[in-house]
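Okay, here's what each chain looks like letter by letter:
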Amino acid sequence: MLTKAQRVYRWDSQNSSISSDRLEDDCLPHLARAIAAYRARIGEPLGRVRDAARAALEGIRPDRVEAVIKLLDEASTYEWPRIQRQAERRVSVFEAAGRRHPVLDAESATAILGTVYDRPPTRHDEVVSLLYADYPEFHRLTAFPADYSAEDLRADYDLAQAQALLYSATQVVVDARADFRHIVQYARLSRLLCRIQRLTRKGYRLVFDGPNSVLRHTHAYGVDFAKFLAALVQARDWRMTAQIELRKGWRPLTFTLRSADRLHSRLAAPGLFDSGLEETFAGKFGEERDGWRLGRETVMLEAGETLLVPDFVFTHADGTEVVLEIAGYWTPEYLVEKFAKLAKVRTPNLIVAVRKALALRSGALPATVLPFSSRILLRDLMPRLEAFRVFS
């Protein structure tokens, strides 16, 4: 992902709007030459590879170059010494050279290097690369994907620039009219605090509080927004509106994206679970146990005027259905809102798993409460599931 310094955008102060940069068709030949520069320099240090790519990109706008280089680096594979003694070796060489100062001939320099390294190089640039091999500038390029094209690089650039703007989002609103479960799932996997509302017409609205509001300028949460966008662009029929605060105290600018903008993501989808707690529980329960089948976020529940997508759904062979919502580690404000939302759920077969420290706060919920310490125990869950069958 790009850094803030690599962002390229256009903003209209009159309309208070902002848009991320996108590459034109005439950039493709330059991108192809930069890719060729990487492929031709397998085995060379990163600094030298980057310089060759920068030369190949001289035909595009200068403010775009470093972002393109960053994306090429992310597509590449590098190697470097992983041993912790690399810095100690460097100091040993300098200390040995200090005792023989001044070292003026190559033979003496090779001898000093030989006291620390098995096969010391003789060329000056190779000596520097050896001494500082743990520095990113001297990491060695070992592989570059053979099927990575200029079109792929342009798609990565266009998406990455849109993602980078979201680092400064104060709020993101997504109106979705298709693939709703996909969007909700990846919002949760991206660890975003989300409110879901039903639209008057077909579809739902997801409102995300951002790093500059709830979490007080937390850059990491802005990165979570960016990760979510990579999944959102895979969906159909959506519209995103984000409020972007480029600097603290500035008037927010409106950033709008639509599915019709045809941004593309080649990123691997996140895992199926948004916490280790959920993954561990699902692994222990299995697909089926004692006649109960486990489903992951397969229903939506009405909670007043909003919707709740519970973590798990248990369906028994006799037709009994029970939903499980887990209240794990969240901000205190979010837990207050979570419990308020759960209090509005009218489904009779609801289990809310809460950490024991929160069990008293959740006691007024119209649900069966399942307290747990560090993990959800099956011996505590199964009797509660069976109780719903008896009640039915």
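Just so we're clear, the structure is a prediction, and the values are computed from it rather than from any experiment.

*Asks:* Now, about the packing of aromatic side chains: what can you tell me, with residues and values included?
*Replies:* In total, this model carries 11 aromatic pairs according to the counting rule given. Ring centres 5.2 Å apart and planes at 80° place the aromatic pair Tyr132 and Tyr135 in the edge-to-face group. Ring centres of Phe208 and Phe225 lie 6.4 Å apart, and the angle between their planes is 80°; on these two criteria the pair is classed as edge-to-face. Highlighted residues: Phe208 in strand β7 (residues 204-209) and Phe225 in helix α9 (residues 219-232), separated in sequence by 17 residues. Here the two residues Phe208 and Phe225 agree in accessibility, since each one is buried. Aromatic rings pair up to connect Phe281, Phe285, Phe312 and Phe314 into one cluster. Of note, Arg289 hangs over the ring of Phe285, and the distance from its end group to the ring centre comes to 5.9 Å.

*Asks:* Break down the pairing of strand β1 (residues 9-12) for me, with residues and values.
*Replies:* Across four bridges, the pairing between β1 and strand β2 (residues 17-20) is antiparallel. Looking across to β2, one finds that Arg10 is bridged to Ser19. The hairpin turn running from β1 into β2, its antiparallel successor, is four residues long, and Ser16 in that turn takes a positive phi close to 55°.

*Asks:* Please set out the environment of Ala56 residue by residue, giving values where relevant.
*Replies:* Within the secondary structure layout, Ala56 lies in helix α2 (residues 46-56). Residue classification places Ala56 among the buried residues on the basis of a relative accessible area of 15%. Considering only alpha carbons, one finds Ala56 and Pro29, 27 residues apart in sequence, at a separation of 9.5 Å. Contacts of Ala56, omitting those with residues within four sequence positions, involve His30, Arg33 and Ala34.

Basis of the calculations
- Residues numbered from 1 in each chain as written.
- Predicted model: local features only at pLDDT ≥ 70, side-chain atom pairs only at ≥ 80, totals over all residues.
- Heavy atoms only, no water.
- Phe/Tyr/Trp six-rings, centres within 6.5 Å; stacked < 30°, edge-to-face > 60°.
- Helix = DSSP H or I, 4+ residues; strand = E, 2+ residues; numbered from the N terminus.
- Buried < 20%, exposed > 50% of the residue type's maximum accessible area, 1.4 Å probe, protein only.
- Lys NZ or Arg CZ within 6 Å of the ring centre and 35° of its normal.
- Pairing = 2+ DSSP bridges.
- Contact = heavy atoms within 4.5 Å.

Everything listed here is a matter of coordinates, which is why it stays silent on function.
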